[in-house]
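Structural features, examined
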Amino acid sequence: MNITDIIDKKLKNCVLSYAEIKKMVMDYVDGTINDEDMTSFLKAIVKCGMTYEETSDLTKVMLESGKQIDLSCITGIKVDKHSTGGVGDKTTLVLLPLVASCGVKVAKMSGRSLGYTGGTIDKLESIPGFKVDMDQDSFIKQVNDIGLALVSQSGNLVPADKKIYALRDVTNTVSSIPLIASSIMSKKLASGADKIVLDVKVGRGALLEKIEDAKTLAQYMVHIGKSHGKETVCVLSNMNEPLGFAIGNMVEVEESISALKDEGPSDLKELVLTLGSIMVSLGLNIDGQKAYDMCVVNLKNGSAYAKFEEFVKAQNGTLNLINDSKKFSVKAHKTGYITYIDTLKLGELVRHLGAGRVNIDDVVDSRVGFILSKKVGDFVLKDEELLKVYLTSKDCLIRDLLDCFKIENDVCDKEKLILDIIK
Ligand code: URA
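All values derive from a computational prediction rather than experimental measurement. (Residues numbered from 1 in each chain as written. Predicted model: local features only at pLDDT ≥ 70, side-chain atom pairs only at ≥ 80, totals over all residues. Heavy atoms only, no water.)

Things to note about the site of the ligand
- Around the ligand, a shell composed of Y165, R168, I180, S183, I184, K187 and L207 is seen.
- Between an oxygen atom of the ligand and a side-chain N or O atom of K187, the distance comes to 2.5 Å.
- Surface burial for the ligand is 91%, taken as the share of its 240 Å² of free accessible area covered by protein chains.
- Secondary structure elements with two or more residues in the shell around the ligand: α8 (159-170) and α9 (177-190).
- Looking at the shell around the ligand, the element that brings in the most residues is α9, giving 4 residues.
- Taken together, the residues of the shell around the ligand break down into 4 nonpolar, 1 polar and 2 charged. (Near = heavy atom within 4 Å. Polar contact = N/O pair within 3.5 Å; in protein donor to acceptor, adjacent residues only side chain to side chain. Areas by Shrake-Rupley, 256 points an atom, 1.4 Å probe, with all protein chains shown as cover. Helix = DSSP H or I, 4+ residues; strand = E, 2+ residues; numbered from the N terminus. Nonpolar A, V, L, I, M, F, W, Y, C, P; charged D, E, K, R; others polar.)

A word on the nonpolar core
- Judged by nonpolar contacts, the single largest core of 78 residues is most densely connected at F311, F370, L387 and L401.
- For this core, the element with the most residues is helix α12 (residues 266-284), which contributes 9 residues.
- For this core, the two domains that each supply at least three residues are domain 2 (79-155 + 167-179 + 187-314) and domain 3 (326-408).
- Leaving out residues up to four positions away in the same chain, L401 has contacts with V330, L346, L349, F370, L387, V389 and C396.
- V143, I180, I196 and L208 belong to the second-largest nonpolar core, a separate cluster that totals 57 residues. (Core = buried A, V, L, I, M, F, W, Y, C linked by side-chain atoms within 4.5 Å. Buried < 20%, exposed > 50% of the residue type's maximum accessible area, 1.4 Å probe, protein only. Domains from an automatic or database assignment. Contact = heavy atoms within 4.5 Å.)

A short note on the sheet that holds strand β7 (residues 326-331)
- Sheet architecture is open: 4 strands sit in the order β6-β9-β11-β7, paired in antiparallel fashion. Both outer strands of the open sheet, β6 (246-247) and β7, are each paired with one neighbouring strand and no more.
- Where helix α15 (residues 343-355) meets the sheet, it contacts β6, β9 (369-372) and β11 (385-391), and its direction lies at approximately 145 degrees from that of β9. (Pairing = 2+ DSSP bridges. Axes fitted to C-alpha atoms, helices over the stretch in contact; angles between N-to-C directions.)

Here it is as structure tokens:
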């Protein structure tokens, strides 16, 4: 098998065999294939796509490039959750304690922020003392003891994805649906859960802006899950505006705590209950409505928050959040309805202020963040607060923040949050 022939075959829109895909990926991982040839291969995939079978094969090859986590010592059905990334997306912080309080075991590996999208590990690290690393035995023991553990994704999990993703990032080959699907699913399958629930974000603050593309991605991921014997459900959720009001690490933890006390924003609650009812239904093998009712009860009666406290304590954290940043308000320049929020730009602004990384070795400042006072569809008076800004070492221009909001005279309806469920 010659690599030029394999690239040409893909460029002629022919279907690649498992052996051909394996050769390309594994030779790249061990350095036999250089970045230039791999880039040609990735560009051929971007141009010509991949069938479901090829994408499943690519996922299998990547999955087998590293160590897979064995969760068989944990009793019960383990359900994992993943988000394709958004702005203000603190869902995991609320969802996991909630489903664990319902009796579903959750053994989760999460990532750090990527570009303008936040990461659960960075958010949890704003809790003083919170440990995000644990050896495998302690991880499994904690899931068996309290039903929930969450650690930082190890570099050994799917090394092929790590190397290929880094190349995709700098060669403009991130946006291919088969490449995204195999990248996400290889990591989910390697994490060892029995069932997988995916929150596929759609809109201005998401990887995919169009609903048709998000549906296609979901269909690919459901197919990959099934072909590996793991039931997979995708919820397509709206990311045309940030989720909830808070954007930034510590402010998002604070908002999550409110949501766990059933006092949080309504959109966050709706998404948590949608994903939670699916996870509980899959994990306990019960009907969706019964699972939904359990989630509602456990948010109301304090069980979800109690599980969160237990989880934070088990990972050495203390819920003593101190935000000594400078705070100021940004006020509306006119009266009207908020018709548009530039979610991507807000994500980029907060990232550049220190809530995310611009360079690989940047240290995240957990205190930096925004809290929106208004969302799309809300009415605002001139000089009323649009958002509160939490700053530390860097400054930002009020003009840049104001530019993220469109205020118009006509009433604007709130958009639907849950756009589809694909299984
Ligand atoms: N997230 C991933 O893990 N992989 C992708 O390709 C895109 C988003």
